[in-house]
Amino acid sequence: MRQSFYVFVRGLHLYVGLFLSPFVLVFAISVIFLVHSWVPGSGAPAASRNATNLSIPSDFERLKGREQVAAAHALLDQIPVRGEIGFVRQFPKERRFVIPVSVPGSETVVELNVESRSAKISSRTTGVADAMVFLHKMPGPHNVNVRGNSAFMTVWRWLADATVYLLLFLSMSGIYLWVVLKNERRVGIVMLAAGALSFGGLVYALVA
Amino acid sequence: MPSSPEQQMPAGNGPRAFTQGYKTWNRKLHFYLGLYFLFFIWLFALTGLLLNHSWAFTEFWPNRKVATVERQIKAPADGTALDEARDVMRQLGIAGEIQWLTTQPGDSGRLEFRATKPGLQFDIKADLKLGRATVQRTEVNAWGVMRALHTFTGVRMNDAKNQRDWMLTTIWALSMDAVALGLAVLVISGLIMWWGLAGKRALGLVALGCGILVCGWFVVGLRWIGV
């Protein structure tokens, strides 16, 4: 019984780990970029184009929050620009809006002029490294009321959560697989204690 | 449960013994790294969840404690704005990462900056000519501390003005690097162990392939299809 449970957990640890490994690598590699505030290959120049005769809802300037973002998506479909809207910045006096739209690896800024029913669209490719950084930070704690306004971000939110839960499962099952191996216990305990001391010491020094 | 025979240390020399020894140490590395980084991984994983969800019970900013005091200070010796800020912090007994907000270095006479550490924030406004400093101390609860630990790097993208200037921030940033490298090694050592299990290669390829497809779709696929 115990043997079969061990084999079952070992198999699950293996296959869950294999599925999760690309996600773990994306989060791990992007940490290096974030910690050193450096993203290779993200400085590509922006390409611009203009769009005219846009159909802008009459109440667009009065909308707020989610409703405004939903209306912006419908408007951007005409251009067409698709992706996650970061925010909608309104310049009421000029009847102008600036709307940044992102997908991992590219960024588009739409400057919408309500008066002339036109838009200037600047797009640039930010690259794979930036895509990983973007995904690492998304959906994140900012602009909570509008974040997750694209289908891919809704799915990514779910996947980012799943990565955490599966990583916790991997660590718990890993502990079980280690504990069962008697001849690895002593060194394992030393490593666990060393890790706990480093972690506790560092956090204490930072917070105290 | 003892290690299986093929996983035990080999005897003798030669390529076969080398391969076996390599496999054994790869497996040990997987165990030991996982155990060493366990608490770091739990912290960053759980705080990642906190950052992605605005759960009411994890709120910290509305519950912050703010206190303002005014203190006398001595004019710091001539130096850079960073030197002066450090001197003022030393006099006030404050430690933390300096964050420039509005002060323009070279604006002699006034020094305004923020010193932060996880859970604490000091907004310091010093009038160097009058020898007076106003310190606003903002303290957040444990949820705020945890969230800050996840993002406490001392630098931000597209903000060259702020560089790491506190030794503990540097150590914490290096530990983040170490955790990231440790996770990468865990993945690679896991892949090596899996490939050594001939009977599990096929199903393993399916699991790994699914992971690469789904993750790759987000990292490169979305841009290609122009979502």
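Scoring rules and cut-offs
- Residues numbered from 1 in each chain as written.
- Chains lettered and ligands numbered in written order.
- Predicted model: local features only at pLDDT ≥ 70, side-chain atom pairs only at ≥ 80, totals over all residues.
- Heavy atoms only, no water.
- Helix = DSSP H or I, 4+ residues; strand = E, 2+ residues; numbered from the N terminus.
- Rg over C-alpha atoms; globule rule 2.2 N^0.38 Å.
- Buried < 20%, exposed > 50% of the residue type's maximum accessible area, 1.4 Å probe, protein only.
- Contact = heavy atoms within 4.5 Å.
- Areas by Shrake-Rupley, 256 points an atom, 1.4 Å probe, with all protein chains shown as cover.
- Lys, Arg positive; Asp, Glu negative; His and termini not counted.
- Charge placed at Lys NZ, Arg CZ, Asp CG, Glu CD.
- Domains from an automatic or database assignment.
- Pairing = 2+ DSSP bridges.
- Patch = residues over 30% accessible without salt bridge, like charges linked within 9 Å, V, L, I, M, F, W, Y side chains within 5 Å.
- Salt bridge = Lys/Arg side-chain N within 4 Å of Asp/Glu carboxyl O.
- Axes fitted to C-alpha atoms, helices over the stretch in contact; angles between N-to-C directions.
- Core = buried A, V, L, I, M, F, W, Y, C linked by side-chain atoms within 4.5 Å.

## Focus: the overall build of chain A
1) Next: Looking only at helices and strands, chain A features five helices and six strands.
2) Next: Starting at the N terminus and walking to the C terminus, you meet the elements of chain A as α-β-α-β-β-β-β-β-α-α-α.
3) Next: Taken against the 2.2 N^0.38 rule, which gives 17 Å for 208 residues, the C-alpha radius of gyration of chain A at 24 Å runs more than 25% over that of a compact globule.
4) Next: In terms of principal-axis extent, the alpha carbons of chain A reach across some 75 × 40 × 30 Å.
5) Next: Taken over 208 residues, chain A has a buried fraction of 49%.
6) Next: Long-range pairs, those at least 24 residues apart, make up 58% of the contacts in chain A between residues at least 6 apart in sequence.
7) Next: Accessible area of chain A: about 10,300 Å², with a carbon and sulfur share of 63%.
8) Next: Of note, chain A has its 20 positive side-chain charges centred 9 Å away from the centre of its 12 negative side-chain charges.

## Some points on the overall build of chain B
1) Next: Helix and strand counts for chain B come out as six helices and five strands.
2) Next: In chain B, the succession of helices and strands from N to C terminus is α-α-β-α-β-β-β-β-α-α-α.
3) Next: Relative to its full complement of 227 residues, chain B shows a buried share of 46%.
4) Next: Contacts in chain B between residues far apart in sequence, at least 24 positions, make up 53% of those at least 6 positions apart.
5) Next: Surface summary for chain B: the accessible area is close to 12,200 Å², and the carbon and sulfur share equals 63%.

## Some words on the domain arrangement of chain A
1) Next: Along its sequence, chain A is organised into domain 1 (2-37 + 158-207) and domain 2 (47-125).
2) Next: Of note, the centres of domain 1 of chain A and domain 2 of chain A, computed from C-alpha atoms alone, are 43 Å apart.

## Things to note about the pairing of strand β5 (residues 132-139) of chain B
Residue and element names in this part refer to chain B.
1) Next: Where strand β1 (residues 65-72) lies against β5, eight bridges are found, and the strand directions are antiparallel. If you follow Ala67 over to β5, its bridge partner there is Arg137.
2) Next: Here strand β4 (residues 120-127) pairs with β5 via eight bridges, running antiparallel. Residue pairing in the sheet places Phe122 in a bridge with Arg137 of β5.
3) Next: Linkage of β4 to β5, two consecutive antiparallel strands, is achieved through a turn of four residues, within which Gly131 is found at a positive phi near 70°.

## What about a nonpolar patch on the surface?
1) Next: On the surface, Phe5(A), Phe8(A) and Leu12(A) cluster together into a nonpolar patch covering about 300 Å² of accessible area.
2) Next: You can see Phe5(A) is positioned in helix α1 (residues 2-35).

## Remarks on the domain arrangement of chain B
1) Next: You can read the domains of chain B as domain 1 (14-46 + 175-225) and domain 2 (56-165).
2) Next: For domain 1 of chain B versus domain 2 of chain B, the distance between C-alpha centres works out to 40 Å.

## Examining unusual backbone geometry
Residues and elements named next belong to chain A.
1) Next: For the bond from Ile79 to Pro80, the omega torsion is -5°, close enough to zero to count as cis.
2) Next: Here the residue pair Met138 and Pro139 is connected by a cis peptide bond, since its omega of 0° sits within 30 degrees of zero.
3) Next: Here Pro139 shows up in the loop between α3 (127-137) and α4 (151-180).
4) Next: Its identity is not glycine, yet Asn53 carries a phi of approximately 55°, on the positive side.
5) Next: Position of Asn53 among the secondary structure elements: in the loop between β1 (47-51) and α2 (65-76).

## Notes on the sheet that holds strand β2 (residues 97-100) of chain B
Residues and elements named next belong to chain B.
1) Next: Taking strand neighbours across the sheet as the criterion, the five strands line up as β1-β5-β4-β3-β2 in an open arrangement whose pairing is antiparallel. Single-partner strands in this sheet number two, and they are β1 and β2. Within this sheet the neighbouring strands show an average axis-to-axis angle of 25°, counted without direction.
2) Next: Bridge count between β2 and strand β3 (residues 110-117): four bridges; the pairing is antiparallel. For Trp100, the partnering residue across the bridge sits in β3 and is Phe113.

## A word on the nonpolar core
1) Next: Core analysis: the biggest nonpolar cluster contains 58 residues, and Trp156(A), Phe40(B) and Trp172(B) have the highest contact counts within it.
2) Next: Breaking this core down by element, the ones donating at least two residues are α1, α3, α4 and α5 (185-207) of chain A together with α2 (38-52), α4 (142-151), α5 (167-195) and α6 (201-225) of chain B.
3) Next: The element that contributes the greatest number of residues to this core is α1(A), accounting for 11 residues.
4) Next: Leaving out residues up to four positions away in the same chain, Trp172(B) has contacts with Leu202(A), Val203(A), Leu206(A), Phe40(B), Leu43(B), Phe44(B), Leu149(B) and Phe152(B).
5) Next: Core analysis: the next-biggest nonpolar cluster, separate from the first, contains 23 residues, Leu54(A), Ala72(A), Ala119(A) and Ile121(A) among them.

## Brief notes about the pattern of salt bridges
1) Next: As enumerated under the stated definition, the model contains 14 salt bridges over all chains in all.
2) Next: When the shortest N-O distance is used, the salt bridge between Arg27(B) and Glu184(A) registers 3.8 Å. Remark: Glu184(A) occurs in the loop between α4 and α5 and Arg27(B) occurs in helix α1 (residues 15-36); the pair is interchain, linking two chains. Glu184(A) matches Arg27(B) in its accessibility class, with the two residues each being buried.
3) Next: The salt bridge involving Arg110(B) is made with Glu112(B); its shortest N-O contact spans 3.1 Å.
4) Next: Note on Arg110(B): relative accessible area 36%, which makes it partly exposed.
5) Next: Through salt bridges with shared partners, a single network forms among Glu61(A), Arg95(A) and Glu115(A).

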